[in-house]
Amino acid sequence: MERIGIIGVGEIGRAIVAGLRNGDGPGPEVFLSPRGARTAAELAAQYEGVHVCADNQEVVDRAELVIVAVRRENRHDALAGLRVDDDRVVVSVMAGISNDEVRGLLGTKAALVRAIPLPTVRERSCVTVTYPEHPAVSALFEQLGGVLPVADEAAFDVFSALTATVTTHYAYLTTLASWAAAQGIAPGDADRYLRDLFQGVGRSLADESRTLHQLAADHETPGGSNERIRTTWFTPANSTALTHTLDSLLTLLTQPPSAASG
């Protein structure tokens, strides 16, 4: 695809544009909606071949592949009334909004694909889950770190729920830093150490020859400190509570939109 459009220029939209411009070549032309006007203007000023359109219809008219990156509660305002030719490809990154609803809002026969790009697509360093598989969409996200097409929308929603655990990980690290500070460690030192510690852990995840369970075991000595924290804090009850929370989120993501959100 030589012309990419983005409706809704927030954090994900910004990351996609940056990722497309972080490669060796010039990349496709990018057409941005005026939603998120300040961010759109900054991107157009920063990167050659990035343009801000007058409205969402102009984005659709000028692009071959259109990414819908608005909040789910804003989908009606952003999409209602748009005319989308059947030869376009539409990629929705709205959590919990099915392809059937997007098709109903747009009234088009264009190819529709759901995707879960993360902000790290700006560094081309994360895989993007998609459904259904589409060659143009796969080619786009292969440029941005990789693509993982899934078999059906139910599987897609499971991955969407997993994605919602990211800020919990940051909150965990924040709690550790606060504890260290309460023990008299300088906050800056605690922050630096935890960042370095868990960046190293993150790099170990690249070793796909070991399962997640094996990686955990390799960091743990029987009877040691790691085992003590895991078994006294991350108890079976704690694990069950997390599972129930994910189950609840999955139910929300799979509810009819009228029940889940406006």
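Placed above this text is the structure.
Residues numbered from 1 in each chain as written. Predicted model: local features only at pLDDT ≥ 70, side-chain atom pairs only at ≥ 80, totals over all residues. Heavy atoms only, no water.

Caption draft 1: Geometry of the environment of alanine 171. With respect to the element layout, alanine 171 can be found in helix H8 (residues 166-182). In this structure the C-alpha to C-alpha distance between alanine 171 and glycine 146, which are 25 residues apart in sequence, comes to 27 Å. (Helix = DSSP H or I, 4+ residues; strand = E, 2+ residues; numbered from the N terminus.)

Caption draft 2: Here's a closer look at the pattern of salt bridges. Summed over the entire model, instances satisfying the criterion amount to 12 salt bridges. When the shortest N-O distance is used, the salt bridge between glutamate 42 and arginine 14 registers 3.1 Å. Of this pair, glutamate 42 sits in helix H2 (residues 37-46) while arginine 14 sits in helix H1 (residues 11-21), and the two are 28 residues apart along the sequence. Take arginine 14: its relative accessible area is 26%, and that puts it in the partly exposed class. A salt bridge links arginine 230 to glutamate 220, with the nearest nitrogen and oxygen atoms 2.9 Å apart. Here the residue arginine 230 occupies a position in helix H11 (residues 225-233), and glutamate 220 occupies one in the loop between helix H10 (212-218) and H11, the gap between them amounting to 10 residues. Looking at arginine 230, the relative accessible area reads 39%, which means it is partly exposed. Connected via shared salt-bridge partners are Asp85, Asp87 and Arg88. (Salt bridge = Lys/Arg side-chain N within 4 Å of Asp/Glu carboxyl O. Buried < 20%, exposed > 50% of the residue type's maximum accessible area, 1.4 Å probe, protein only.)

Caption draft 3: Quick peek at the pairing of strand S2 (residues 29-32). In terms of strand pairing, strand S1 (residues 3-7) meets S2 through four bridges, oriented parallel. Bridge assignment links arginine 3 to a residue of S2, and that residue is glutamate 29. The β-α-β motif built from S1, the intervening H1 and the parallel element S2 has right-handed crossover chirality. Note: S2 against strand S3 (residues 50-52), three bridges, orientation parallel. Residue pairing across strands places leucine 32 opposite valine 52, the latter belonging to S3. (Pairing = 2+ DSSP bridges. Right-handed = clockwise from strand over helix to strand, strands pointing away.)

Caption draft 4: Fine view of the sheet that holds strand S4 (residues 65-68). The mixed open sheet is built from eight strands, whose spatial order is S3-S2-S1-S4-S5-S6-S7-S8. Each of the sheet's edge strands pairs with one partner strand only, and the pair in question is S3 and strand S8 (147-149). Strand after strand, the sheet turns through a mean of 25° between neighbouring axes, direction not considered. Against the sheet, H2 engages S2 and S3, with an angle of about 145° to S3. Together, strand S5 (89-92), strand S6 (111-116) and strand S7 (128-131) form the strand contacts of helix H5 (residues 99-106), whose direction differs from that of S6 by roughly 130°. (Axes fitted to C-alpha atoms, helices over the stretch in contact; angles between N-to-C directions. Contact = heavy atoms within 4.5 Å.)

Caption draft 5: The packing of helix H7 (residues 153-163) against helix H12 (residues 236-254), seen in detail. Running from amino to carboxyl end, H7 crosses H12 at an angle of 125°, the nearest separation of the two axes being 9 Å. Looking at the two axes, H7 sits oblique to H12. When the axes of H7 and H12 are compared, the crossing they make is right-handed. Residues Asp157, Val158, Ser160 and Ala161 of H7 touch H12, and the partners they reach there are Leu246, Leu249, Leu250, Leu253 and Thr254. Among the residues making up the contact of H7 with H12, the classes are represented as six nonpolar, two polar and one charged. (Parallel < 35°, antiparallel > 145°, perpendicular 65-115°, else oblique. Left-handed = near helix turned anticlockwise from the far one by under 90°. Nonpolar A, V, L, I, M, F, W, Y, C, P; charged D, E, K, R; others polar.)

Caption draft 6: Broad picture of H2. Turning to H2, its buried residues are Thr39, Ala40 and Leu43. Projection of H2 onto a plane perpendicular to its axis shows the buried side chains occupying an angular sector of 100°, all on one side. Among the exposed residues of H2, those oriented more than 90 degrees off its buried face are Arg38 and Ala45. Packing partners of the buried residues in H2 comprise H1, S2 and S3. (Arc of directions from axis to C-beta.)

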